[in-house]
Amino acid sequence: MRTIIENGKIVNEGRVSSASLIIDDDRIEQVVTGKEVPRGNYDNHVDATGCFVLPGIIDEHVHFREPGMTQKADIESESRAAAWGGVTTYFEMPNTNPSTTTPEALVDKMDRAARTSHVNYSFFYGATNRNAATFKDIDRTLIPGIKLFMGASTGGMLVEGETALDAVFETCADLRLPLMTHCEDSSIINRNMARMVARYGEDPAVRLHPLIRSVRSCMASSSLAVELAKRYGTRLHIAHISTQQELALLESNTHFTDGAFPLITGEAVISHLLFCSDDYDRLGALIKCNPAVKAVSHRRALRRALTDGRITCIGTDHAPHLLSDKQGGCRRAASGMPMVQFSLVAMLGLVDRGVLSMERMVQLMCHNPARLFEVKDRGFLRKGYKADVTIVRRRPWVLAQSDIQSKCGWSPLVGQRFDWQVVRTICNGHTVYHEGKMDEDYIGEAVRFRC
């Protein structure tokens, strides 16, 4: 099956150009620059007139809730939302029930995805206080890396204490496995919460969330992670950086050679790029997440860091909950929001506002996740690479609740106007989503790494 995508503008490897993309089965056969459509015999013609053709978006940070919390979300529903949003590949986090902290649990998740995931998939393996010795038992070509919770964000996966942390950082260094960390200091958070409860009652208002999960709690934990990474030579990727102070820990990677990164890199997520603490009055617990959405000065600093090289990747931290779980304040309302369906159109809005260029957006959402985690044959529009492609165009629309594909059925973005729309999502050469219609029978592939 040969497909040609013609008449569009391809955004790839720092350039926007008129070009045609030729796909043979599941691989890119050729990228032909120029406005003239190359002759040939094609089974499918995709007319991309007026559209931009991007590499498929790689979301390096999602929570799909399966197994154990499938009343909130599952791999089928959230991978469908991903396809609607132009995301062709996701890396899912280990804090499910049971958590992905044994080789057996990892195999179970891979098996589930092989049956129900509409796009390509992989899963982080989770660190605990006692399982660093099991890292060597994992097929490292199947996982992006190890996820470490250095803060009391979720369940029983908090790793604390010098011995346990040393074991995780040292083992990751020895095995050359990237380590992705959630950095918040739980002791600082607990003290802050106790003070707020004493002053405001058992469930302090959600606008106080950034004072409880404070700048200091983030900075203390991230500083410790950086110290340990430098001690052991561990490739550290700090998840969902939310403060201006943490950005000072990161070295700009703009001067590194193609494909190279500093030892310590950082991720920004959509929630912290879109919202600030002023939005709590309007949206309340709908934007409650961990780390907390903070003051506008931090959002401004994060947006600047998208272009100065300190932020390496953009993820979503897609974390759906039932709307009933989002009721209450700092203690009662669950933390997290569904974002995988709207990350690309939201970032294109920031492109329109001059926050970053479209070429840089593609680097942060496609190229860099592939390079950083050493993904095999994805993340670029290159000859021989897997044909993961996202096509977008300018078309204003307003998000209605009925548009939401995540099982939870809500979004803090309902009612917002977007000026861009995902037209088509192609996964391994197959159109899984097009103009509001899904191929419900299509199943993506397991991503391969470091091979």
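The structure presented is a predicted model; accordingly, all values stated were derived computationally and were not measured.

S.K.: It is not clear to me how the pairing of strand E15 (residues 389–398) should be interpreted in this structure. Could you clarify?
M.R.: Consecutive residues of a regular strand have side chains that alternate between opposite faces of the sheet. As defined by bridge partners, strand E5 (residues 51–55) adjoins E15 across 5 bridges and the pair is classed as antiparallel. Bridge assignment links Phe52 to a residue of E15, and that residue is Val392. Sheet analysis places E15 next to strand E16 (residues 417–427), joined by 8 bridges and oriented antiparallel. Across the sheet, the residue bridging to Thr390 is Thr425, located in E16.

S.K.: Looking at this model, I keep getting lost on the nonpolar core. Mind explaining?
M.R.: Core analysis: the biggest nonpolar cluster contains 102 residues, and Leu306, Met347 and Met361 have the highest contact counts within it. Examining the composition of this core, we find that 7 residues originate from one element, helix H11 (residues 343–352), more than from any other. Those residues in contact with Met347 that sit more than four places away from it in its chain are Ile270, Leu273, Leu306, Ile314, Leu356, Met361 and Met365.

S.K.: When you look at the sheet that holds strand E12 (residues 236–238) in this model, what are you seeing that I'm missing?
M.R.: Sheets are built from strands that pair by backbone hydrogen bonding, the pairs being arranged parallel or antiparallel. Spatially, the 6 strands line up as an open sheet ordered E9-E10-E11-E12-E13-E14, and their pairing is parallel. Strand pairing shows two members of the sheet lacking a second neighbour, strand E9 (125–126) and strand E14 (313–315), which therefore form its edges. The pairing of strand E13 (residues 264–269) with E14 spans 3 bridges and is classified as parallel. Paired with Ala268 across the bridge in E14 is Ile314. On the sheet, helix H3 (residues 162–175) packs against strand E10 (146–150), strand E11 (179–183) and E12 and is oriented at approximately 155 degrees with respect to E10.

S.K.: Would you explain the pattern of salt bridges in this entry?
M.R.: Pairing between side chains of opposite charge can happen when their charged atoms approach one another. Considering all chains together, one arrives at 26 salt bridges under this definition. Note that Glu440 is salt-bridged to Arg80, the shortest N-O span being 4.0 Å. With Glu440 in the segment after strand E18 (437–438) and Arg80 in helix H1 (residues 75–84), this pair connects stretches of sequence that are 360 residues apart. Since its relative accessible area comes to 43%, Glu440 is described here as partly exposed.

S.K.: Sorry, what's going on with the packing of aromatic side chains here?
M.R.: For any pair of aromatic rings, the description consists of the separation of the ring centres together with the inter-plane angle of the planes. This model, assessed by the stated rule, comprises 12 aromatic pairs. Consider the rings of Tyr90 and Phe123, whose centres lie 6.5 Å apart with planes at 80 degrees: the pair is edge-to-face. Taken together, the residues Tyr90 in strand E7 (residues 87–92) and Phe123 in strand E8 (residues 120–123) connect sequence positions 33 residues apart. Judged by centre distance (6.2 Å) and plane angle (45 degrees), the ring pair of Tyr121 and Phe123 falls under tilted.

Conventions used here
Residues numbered from 1 in each chain as written. Predicted model: local features only at pLDDT ≥ 70, side-chain atom pairs only at ≥ 80, totals over all residues. Heavy atoms only, no water. Pairing = 2+ DSSP bridges. Helix = DSSP H or I, 4+ residues; strand = E, 2+ residues; numbered from the N terminus. Core = buried A, V, L, I, M, F, W, Y, C linked by side-chain atoms within 4.5 Å. Buried < 20%, exposed > 50% of the residue type's maximum accessible area, 1.4 Å probe, protein only. Contact = heavy atoms within 4.5 Å. Axes fitted to C-alpha atoms, helices over the stretch in contact; angles between N-to-C directions. Salt bridge = Lys/Arg side-chain N within 4 Å of Asp/Glu carboxyl O. Phe/Tyr/Trp six-rings, centres within 6.5 Å; stacked < 30°, edge-to-face > 60°.

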